[in-house]
Amino acid sequence: MNFLTKAAPIIFVLLWSTGFIGSKLGAPYIDPLVFLTVRFALVLPILFVLALLLTRTWPKSPTAILQCLVTGMLVHGVYLGGVFWAIKQGMPAGASSIIVGLQPVLTALIAVMLLSETVSRKHWISMAIGACGLVLVLGPKFDISGTGITVITISAVLVSVAAISLGTVYQKRFAAKTDLLAATIWQYVGALIFTMPLTLFETWQITWSGELIFAMGWLVLVLSVGAILLLMLLIREGAVSQVASLFYLVPVATAVESYFLFDETLTLIQIAGMALIIGAVLVIRKSPQKS
C-alpha cells in the first residue's frame, strides 16, 4: 500500500488525462448526459463484485450513505455533466479546459475555509505559476469563433469546477473514513440520481460504433474504476490542496497523448508551459502537509 500511495499521483494523472481522449472518441455517437448515465450504470456492477470480494465494512448509517451520495453528485454528476453539456452546446474544449484549470486554486481556497488546511506562500506562488503554465499549454487550442462561448456555457463550466472542488473537500471532511470501494459505489449511485433525470431532455439515440464501444469500455474500467479509486485514495492520504495541484498535470498529459494519437500540434510555447506546470507541481508536492 505504501508503494501504491507513492506511485498513485503519477498513475492518477496518466489515467485521468485519457478521459478527454475517450470522451472525444465517443462524443459523435451519443448525447453527453446519456453517455455519462450509461457509463455510471455500467461501472456499478463491476464495483459491486469487487466490493463483495474485497470490502469488509459498508456504510450503515443513513448519514454516511448520504455523504457518499452528495460526493458522487458533485464529483461525478455535476462536474462531468456540466463540462460535457457545455462542449455539446458548442463551447470549444480548449476554452472549457482553461476554466477547469481554476480547480486547484478554488479547491485550495475551500480547503482553507472548511478544513483549516494551512497553505504556504510558496504553495500559492507555485499554483499561480502552474496556472500560467496551463494558459501556455491550452492557449493555442483556445478558439472564440462561433457561438459556443456564451454566458450559459461559461456558467455551466464554472458550476462544474465549483462542484468538483467542493466535492473533493467534502469527501475529505465527511467520507474519508468510509471504505473506498463501498463509498465509490454509493458515489456513482449519487451521480446517477443527478444525471438520469436530465437524460429525459436528450434523445437516447446511440450509435454503437467500434469507437464508442472502445471509449465506453475505457472510461468505465480505466477512469470510473481505476482513476476514481486512486483519487479517493489520494484524498484520504494527503492534503486536499496538494491533491488538487495534480490536476494541473492533466492537460500536459492530454496534450502529449493528443500529439501522438490525433496528430495535434505541440509548440515550443506549450512545451515551456508544461515545464512550468511540472516544476510548480513538484514544489507543491514537496511542501509539508499541514492541516
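Residues numbered from 1 in each chain as written. Predicted model: local features only at pLDDT ≥ 70, side-chain atom pairs only at ≥ 80, totals over all residues. Heavy atoms only, no water.

A. The nonpolar core, seen in detail. Ranked by internal contacts, the top residues of the largest apolar core, which has 67 residues, are Phe12, Trp16, Leu47 and Ile277. Ranked by the residues each element gives to this core, the list is headed by helix 9 (residues 210-237), at 16 residues. Discounting residues that sit within four places of it in the chain, Trp16 has contacts with Tyr79, Leu223, Ala227, Ile228, Phe247 and Val250. If you look at the next biggest cluster of nonpolar residues, it comprises five residues, including Ala111, Leu115, Val169 and Val240. (Core = buried A, V, L, I, M, F, W, Y, C linked by side-chain atoms within 4.5 Å. Buried < 20%, exposed > 50% of the residue type's maximum accessible area, 1.4 Å probe, protein only. Helix = DSSP H or I, 4+ residues; strand = E, 2+ residues; numbered from the N terminus. Contact = heavy atoms within 4.5 Å.)

B. Seen up close, helix 6 (residues 121-138). Under the 1.5 Å per step criterion, the end-to-end length of helix 6 is 26 Å for 18 residues, consistent within 8% with the ideal 26 Å. For helix 6, the complete set of buried residues consists of His123, Ser126, Met127, Gly130, Gly133, Leu134, Val137 and Leu138. The buried side chains of helix 6 occupy one side of the element, clustering within an arc of 120 degrees when seen end-on. (Expected span 1.5 Å × (residues − 1). Arc of directions from axis to C-beta.)

C. Up close: the confidence of the model for the protein. Taken as a whole, the protein shows an average pLDDT of 83; of its residues, 90% reach a score of 70 or greater. Looking over the protein, one finds the lowest element-wise mean pLDDT in helix 4 (residues 93-100), namely 69, and the highest in helix 8 (residues 180-198), namely 94. (pLDDT = per-residue confidence, 0-100.)

D. Up close: the environment of Glu211. With respect to the helices and strands, Glu211 occurs in helix 9. The residues contacting Glu211, other than those within four sequence positions of it, are Leu25 and Tyr29. Only 2.8 Å separates the side chain of Glu211 from the side chain of Tyr29, close enough to count as a polar contact. (Polar contact = N/O pair within 3.5 Å; in protein donor to acceptor, adjacent residues only side chain to side chain.)

E. Examining the environment of Leu44 more closely. Note that Leu44 resides in helix 2 (residues 32-54). Take Leu44: its relative accessible area is 17%, and that puts it in the buried class. Through-space distance from the C-alpha of Leu44 to that of Gln67 is 18 Å; in sequence the pair is 23 residues apart. In this structure Leu44 touches Ile185, Tyr188, Val189 and Leu192, once residues within four positions along its chain are discounted.

F. Focus on the packing of aromatic side chains. All chains considered together, the criterion is met by six aromatic pairs. Relative to Trp58, the ring of Phe48 has its centre 6.2 Å away and its plane inclined at 55 degrees; by these criteria the two rings are tilted. In this pair, Phe48 sits in helix 2 while Trp58 sits in the loop between helix 2 and helix 3 (62-88), placing the two residues 10 residues apart along the sequence. A relative accessible area of 31% means that Trp58 is categorised as partly exposed. Relative to Phe174, the ring of Tyr170 has its centre 4.6 Å away and its plane inclined at 45 degrees; by these criteria the two rings are tilted. Highlighted residues: Tyr170 and Phe174, both in helix 7 (residues 151-174), separated by four residues, approximately one helical turn. On the accessibility criterion, Phe174 (39% relative accessible area) is partly exposed. Sitting above the plane of the Phe174 ring, Arg173 keeps its charged end 4.8 Å from the centroid. (Phe/Tyr/Trp six-rings, centres within 6.5 Å; stacked < 30°, edge-to-face > 60°. Lys NZ or Arg CZ within 6 Å of the ring centre and 35° of its normal.)

G. Region of interest: unusual backbone geometry. Phi is positive for Trp204, which is not a glycine, with a value near 60 degrees. Relative to the helices and strands, Trp204 resides in the loop between helix 8 and helix 9.

H. Up close: a nonpolar patch on the surface. Together, Leu109, Met113, Leu114 and Leu166 line one region of the surface with nonpolar side chains, adding up to about 390 Å² of accessible area. Ranked by the residues each element gives to the nonpolar patch, the list is headed by helix 5 (residues 103-114), at three residues. Relative to the helices and strands, Met113 resides in helix 5. (Patch = residues over 30% accessible without salt bridge, like charges linked within 9 Å, V, L, I, M, F, W, Y side chains within 5 Å. Areas by Shrake-Rupley, 256 points an atom, 1.4 Å probe, with all protein chains shown as cover. Salt bridge = Lys/Arg side-chain N within 4 Å of Asp/Glu carboxyl O.)

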